[in-house]
Amino acid sequence: MVMTIQDPASQRLTWYKPPLTVLVIKKVRDAAVLQPFVQLVTWLIEEKRMVVFVEQAVLEEASLQASADFCTLRDRLMTFRDGKDDLTDKIDFIICLGGDGTLLYASQLFQQSVPPVMAFHLGSLGFLTPFEFDNFQEQVTNVLEGHAALTLRSRLRCMIMRKNDGNNVSVGVGKAALNSPIKPPSTFLVLNEVVIDRGPSPYLSNIDLFLDGKHITSVQGDGLIVSTPTGSTAYAVAAGASMIHPNVPAIMVTPICPHSLSFRPIVVPAGVELKISVSPDSRNTSWVSFDGRNRQELFHGDSLRVTTSVYPVPSICAQDQISDWFDSLAECLHWNVRKRQKHLDELSDLTHSGSNDTLDSLDHADQLDS
């Protein structure tokens, strides 16, 4: 048998038609992003003749309303409201201005297919935002012409199954839950991680973990992190997990402060289904959040199903898939940064010494030198 391994460098951006619509996501309430946002939107409309979408909440910012340069552009923008307007099939291209949170927000807006995302570093950390804004015209033009590499960042499909019905969600308990209308399971797509924790309870979490229907272990500790390779450099790495390149097809399972010295983080294949539930003998319930959002409680009998989604986030590279990732490790996390060991020639007291030298021979060499 022969296994085919795909070279990450083969993932290139290809436009099947010229992009006409662009969604610009701006970091909210950040004065440092105001001027770059106005410059970019002006250039996209006047130079590239593109239809620009922005969130309605951005236009309502006081600092932006006070900008004289933006007043002439306001009526030429298309707007949407998060949670109310569907952007599916309306956007060809996404540009993010800010930090990593803007890319996470783009992922949350598109719960199915995601347009290519170009992220400019104007935030704090910038691990997922490889582009600098200084020469944005040249960089955006190169992307619009298709001269760019892509990193397909996998996402996790998370589905909450409530106890009251195996195929529906009921938000209440007891009789109120039984009388509530049937709803489809709550489904979320996450780019970084889904976190199950003990919430406000003082007791340990007691969580059962299943893999493809088989019970693997029970987690006793503060909780559990299930993350993508992209999320391996977020919460998971702070909890002791390894860092995995986003092109690796995998799911990471990392315990949070486990009450066991031998519970190490594990990596499982991307094709499996994980089931996470509150143990029947647990003293408390658990809480779950998806990329830090939509936090809700898991009761006894509820379960969370996690699989790899078929809809990744196509993240545009500034250089290529390998260089961008290692540059981010070095610049943002200072990976393997230490002072270099000195060469022997730099150590004055060892310049003339060897492993077989004796004190007498070194003294004799010193007398000859003098």
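Just so it is clear, the structure is predicted and the values come from calculations on it, not from any experiment.

Thresholds, definitions, all that
- Residues numbered from 1 in each chain as written.
- Predicted model: local features only at pLDDT ≥ 70, side-chain atom pairs only at ≥ 80, totals over all residues.
- Heavy atoms only, no water.
- Salt bridge = Lys/Arg side-chain N within 4 Å of Asp/Glu carboxyl O.
- Helix = DSSP H or I, 4+ residues; strand = E, 2+ residues; numbered from the N terminus.
- Buried < 20%, exposed > 50% of the residue type's maximum accessible area, 1.4 Å probe, protein only.
- Core = buried A, V, L, I, M, F, W, Y, C linked by side-chain atoms within 4.5 Å.
- Contact = heavy atoms within 4.5 Å.
- Expected span 1.5 Å × (residues − 1).
- Polar contact = N/O pair within 3.5 Å; in protein donor to acceptor, adjacent residues only side chain to side chain.
- Pairing = 2+ DSSP bridges.
- Axes fitted to C-alpha atoms, helices over the stretch in contact; angles between N-to-C directions.
- Patch = residues over 30% accessible without salt bridge, like charges linked within 9 Å, V, L, I, M, F, W, Y side chains within 5 Å.
- Areas by Shrake-Rupley, 256 points an atom, 1.4 Å probe, with all protein chains shown as cover.
- Lys, Arg positive; Asp, Glu negative; His and termini not counted.
- Charge placed at Lys NZ, Arg CZ, Asp CG, Glu CD.
- Parallel < 35°, antiparallel > 145°, perpendicular 65-115°, else oblique.
- Left-handed = near helix turned anticlockwise from the far one by under 90°.
- Nonpolar A, V, L, I, M, F, W, Y, C, P; charged D, E, K, R; others polar.

**Q** Help me understand the pattern of salt bridges in this model?
**A** Side chains that differ in sign of charge can pair as their charged atoms come close. Applying the stated rule across the entire model yields eight salt bridges. Measuring nitrogen to oxygen at the nearest pair gives 2.8 Å for the salt bridge that ties Arg162 to Asp302. Pair noted here: Arg162 is in the loop between strand S7 (156-161) and helix H7 (174-178) and Asp302 is in the loop between strand S17 (293-298) and strand S18 (303-308), with a separation of 140 residues, a long-range link. Residue Arg162 is classed as buried on the basis of its relative accessible area, which comes to 8%. On the accessibility criterion, Asp302 (3% relative accessible area) is buried. Here Arg305 makes a salt bridge to Glu273, at a shortest N to O gap of 4.0 Å.

**Q** Can you help me understand the nonpolar core in this one?
**A** Here is a general trend for soluble globular proteins: nonpolar side chains tend to be buried in one another's company. Phe37 and Leu44 are the most contacted members of the largest nonpolar core, which has 35 residues in total. At the level of secondary structure, the elements contributing two or more residues to this core comprise strand S1 (21-26), helix H1 (31-46), strand S2 (51-55), helix H2 (56-59), strand S4 (93-98), strand S5 (117-121) and helix H6 (136-144). Discounting residues that sit within four places of it in the chain, Phe37 has contacts with Val24, Lys26, Val54, Val58, Leu64, Phe70 and Leu97. Membership of the second largest hydrophobic core comes to 25 residues, among which are Ile196, Ile207, Leu274 and Ile276.

**Q** What is the right way to read H1 from this model?
**A** Between the first and last C-alpha of H1 there are 24 Å, a value that for 16 residues agrees with the 22 Å anticipated at 1.5 Å per step. Considered for burial, the residues of H1 that qualify are Val33, Leu34, Pro36, Phe37, Val38, Leu40, Val41, Trp43, Leu44 and Ile45. Residue Asp30 occupies the N-cap position of H1, its side-chain oxygen lying 3.0 Å from the main-chain nitrogen of Ala32.

**Q** Before we go on, may I ask you to explain the sheet that holds strand S11 (residues 214-221) in this structure?
**A** Hydrogen bonding along the main chain pairs the strands of a sheet, whether they run parallel or antiparallel. Across the sheet, which stays open at both edges, the six strands sit in the order S8-S7-S18-S15-S10-S11 with antiparallel pairing between neighbours. This sheet does not close on itself; its edge strands, each paired only once, are strand S8 (186-190) and S11. Between one strand axis and the next, the sheet turns through 20 degrees on average, direction left out of account. Sheet topology note: the S7/S8 ladder contains five bridges and is antiparallel. Directly across from Ile160, in S8, lies its bridge partner Ser186.

**Q** Would you mind showing me how to read a negative patch on the surface here?
**A** A cluster of acidic residues, Glu132, Asp134, Asp327 and Glu331, forms a negative patch at the surface. Tracing the chain through its elements places Asp134 in the loop between S5 and H6.

**Q** Mind showing me how you'd approach the packing of H1 against H6 here?
**A** A pair of packed helices is captured by two measures, namely the crossing angle of their axes and the spacing between those axes. Running from amino to carboxyl end, H1 crosses H6 at an angle of 50 degrees, the nearest separation of the two axes being 11 Å. One element, H1, and the other, H6, form an angle in the oblique class. Crossing of H1 over H6 shows right-handed handedness. Residues Gln39, Leu40, Trp43 and Leu44 of H1 form the contact with H6, whose participating residues are Phe136, Gln137, Val140 and Thr141. Of the residues contributing to the contact of H1 with H6, the split by class is five nonpolar, three polar and no charged.

**Q** Where do I start with a nonpolar patch on the surface in this structure?
**A** Judged by side-chain polarity, Ile322, Phe326, Leu333 and Trp335 come together as a nonpolar surface patch covering roughly 360 Å² of accessible area. Along the chain, Phe326 falls in helix H9 (residues 321-332).

**Q** Before we go on, may I ask you to explain the side chain of Arg162 in this structure?
**A** Separated by 3.1 Å, the side chains of Arg162 and Gln296 make a polar contact. Of the polar contacts made by the side chain of Arg162, one reaches the side chain of Asp302; its length is 2.8 Å.

**Q** Whenever I open this one, the pairing of strand S12 (residues 223-227) confuses me. Can you help?
**A** Residues in a regular strand point their side chains to alternate faces of the sheet. For S12, a buried count of five out of five residues is recorded, marking the element as mostly surrounded by other parts of the structure. By the alternation rule, side chains of S12 split into Gly223, Ile225 and Ser227 and Leu224 and Val226, which are all buried. Where strand S9 (residues 193-197) meets S12, five bridges bridge the pair, whose relative direction is antiparallel. Paired with Ile196 across the strands is Leu224, a residue of S12. By the bridge criterion, five bridges tie S12 to strand S13 (residues 250-256) in an arrangement that is antiparallel.

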